[in-house]
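What follows is each chain in one-letter form.
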Amino acid sequence: MLTARNVTKNYSNLPILKGVDITVSKGEIVTIVGSSGAGKSTLLHILGTLDTPTTGEILLNDVNLTKLKGNALADFRNRHIGFIFQFHHLLPEFSALENVCIPGFIAGTAKNAVREKAMFLLETLGMQDRMDHKPNALSGGEQQRVAVARALINNPDVVMADEPTGNLDSRNARELHNLFFELREKFNQTFIIVTHNEELAPLSDRQLVMKDGRIISH
Ligand SMILES: Nc1ncnc2c1ncn2[C@@H]1O[C@H](COP(=O)(O)OP(=O)(O)O)[C@@H](O)[C@H]1O
Ligand SMILES: [Mg+2]
């Protein structure tokens, strides 16, 4: 479903990614692990079209993402790729429900359909009593669940998460990982997760180990 072919990335002539090949199948939960500075975030951003490779290509369901530009790229990203970051980046002045709805409204989906889907997702994530709360009235674990629901609102082909549990205690981290597996069971959702969590990474279907800009173990 997602293929990266010989991806390299230089920052001011310094090689950061040195030829990365990845294939991810639908419904897989793949983790990317490796020490700080190995290039994990750079790779995830390139896979998610938030950054462009210096050479190489990314294909998502046979669409060559490296050929998309401008509005077409932004629109494709919003519809097909979900993101979860270490810090949730929820909009503070909007409720949990509104935060989840926003990418759906941007995609131009009918408002009622977006609201129903958002409520369904928040219920699925155990947040039915928290939908009208603003982010600062939610715990860290609850904020991350809202970020997960927001990532799923447009039925993305793949969800990319960069250290999603990095700011959570171990119990909340375990719960969030369990949720990823539940979402895979329920919706056959595909996840690519960068994580330092040594307890949880081995539970994924596949661990890609990065070192110095390369994947050294699949
Ligand atoms: N925008 C940038 N400009 C220059 N160097 C960068 C930039 N982003 C990341 N780097 C460098 O690329 C390397 C890999 O970074 P990163 O992908 O963030 O690693 P990781 O997520 O594995 O910790 C690091 O040496 C970092 O300093
Ligand atoms: Mg990183």
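Residues numbered from 1 in each chain as written. Chains lettered and ligands numbered in written order. Predicted model: local features only at pLDDT ≥ 70, side-chain atom pairs only at ≥ 80, totals over all residues. Heavy atoms only, no water.

Focus on the overall build of the chain
Condition: Strands are runs of DSSP state E lasting at least 2 residues, helices are runs of H or I lasting at least 4, and numbering of each runs from the N terminus. Radius of gyration: over C-alpha atoms. The globule rule applied is 2.2 Å multiplied by the number of residues raised to the 0.38 power. Throughout, exposure labels follow a simple rule: accessible area from a 1.4 Å probe, protein chains only, divided by the maximum for the residue type, with under 20% read as buried, over 50% as exposed, and the rest as partly exposed. Whether two residues are in contact is decided by their heavy atoms, any of which lying within 4.5 Å being enough.
Check the secondary structure of the chain and you find six helices and 10 strands. Over its C-alpha atoms the chain spans a radius of gyration of 17 Å, differing by no more than 12% from the 17 Å that the globule rule assigns to 218 residues. Referenced to the eigenvectors of the C-alpha coordinate spread, the extents of the chain come out at roughly 50 × 40 × 30 Å. Of all 218 residues assigned to the chain, the portion counted as buried reaches 50%. In the chain, the share of contacts with a sequence separation of at least 24, taken over all contacts with a separation of at least 6, comes to 71%.

What about the site of ligand 1?
Note the cut-off: In these notes, residues near a molecule or strand are those with any non-hydrogen atom within 4 Å of it. Under this definition, polar contacts are N or O atom pairs within 3.5 Å; protein pairs additionally need one hydrogen-donor-capable and one acceptor-capable atom, and for neighbouring residues in sequence, both atoms have to be side-chain atoms.
Every residue close to ligand 1 is listed here: Tyr11, Ile16, Ser35, Ser36, Gly37, Ala38, Gly39, Lys40, Ser41 and Thr42. Within the backbone of Ala38, one N or O atom sits 3.3 Å away from an oxygen atom of ligand 1.

What about the nonpolar core?
Cut-off, in case you're wondering: As used in this record, nonpolar core signifies buried Ala, Val, Leu, Ile, Met, Phe, Trp, Tyr and Cys residues forming a set joined through side-chain atoms within 4.5 Å.
Within the largest apolar cluster, 31 residues are counted, with the highest numbers of intra-cluster contacts made by Leu122, Val146, Val148 and Phe180. For this core, the element with the highest residue contribution is helix H5 (residues 140–152), accounting for six residues. Every residue in contact with Val146, bar those within four places of it in the chain, is listed here: Leu90, Ala96, Asn99, Val100, Leu122, Met127 and Leu138. Counting residues in each nonpolar core, the second largest holds 27 residues, with Val24, Val30, Ile58 and Ile215 among its members.

Topic: helix H6 (residues 170–187)
Rules: To estimate how far a helix should extend, the number of its residues minus one is multiplied by 1.5 Å. This arc describes the spread of directions from the helix axis toward the C-beta atoms.
Here H6 is 18 residues long and its end C-alpha atoms lie 26 Å apart, about the 26 Å a rise of 1.5 Å per residue gives. Where H6 is concerned, the buried positions are Asn172, Ala173, Leu176, His177, Leu179, Phe180, Leu183 and Arg184. Here the buried residues of H6 occupy an arc of 145° about the axis, which is enough to place them on one side. Exposed and oriented more than 90 degrees from the buried face of H6 are Glu185 and Lys186.

A look at the environment of Leu122
Take Leu122: it is sitting in helix H4 (residues 111–124). Taking the relative accessible area as the measure of exposure, Leu122 reaches 0% and is therefore buried. Between the C-alpha atom of Leu122 and that of Ala96, which follows or precedes it by 26 residues, the distance is 8.7 Å. Ignoring sequence-local partners within four residues, the contact set of Leu122 consists of Ala96, Leu97, Val100, Met127, Gln128, Met131, Val146 and Ala149.

With respect to the sheet that holds strand S10 (residues 214–217)
Let me state the cut-off plainly: When DSSP locates at least two bridges between a pair of strands, those strands are taken to pair. For helices, the fitted axis covers only the stretch in contact; all axes are lines through C-alpha atoms, and the angles between them, taken along N-to-C directions, range from 0 to 180 degrees.
Spatial strand order, S6-S7-S8-S3-S9-S10: six strands in an open sheet with mixed pairing. What marks the edges here is a single partner per strand, and that holds for strand S6 (81–84) and S10. For this sheet, the mean angle separating the axes of adjacent strands, direction not counted, is 25°. Here strand S3 (residues 29–33) runs beside strand S8 (residues 190–194); their pairing, made up of four bridges, is parallel. Residue pairing across strands places Thr31 opposite Ile193, the latter belonging to S8.

Considering the UniProt feature "domain: ABC transporter" (unreviewed entry) in the chain
Under the convention used in this document: UniProt positions are given in the numbering used here, feature names are shortened, and annotations may be inferred rather than shown by experiment.
Listed under "domain: ABC transporter" (unreviewed entry) in the UniProt record, and renumbered for this structure, are residues 2–216. Along residues 2–216, the helical share is 35% and the strand share 27%, with 19 Å between the first and last C-alpha atoms.

What to know about the side chain of Thr8
Following the sequence through the fold, Thr8 ends up in strand S1 (residues 2–11). Accessibility expressed as a relative area gives 17% for Thr8, which makes it buried. If near-sequence neighbours (up to four positions away) are discounted, Thr8 is found in contact with Leu17, Lys18, Gly19, Pro53, Thr54 and Thr55.

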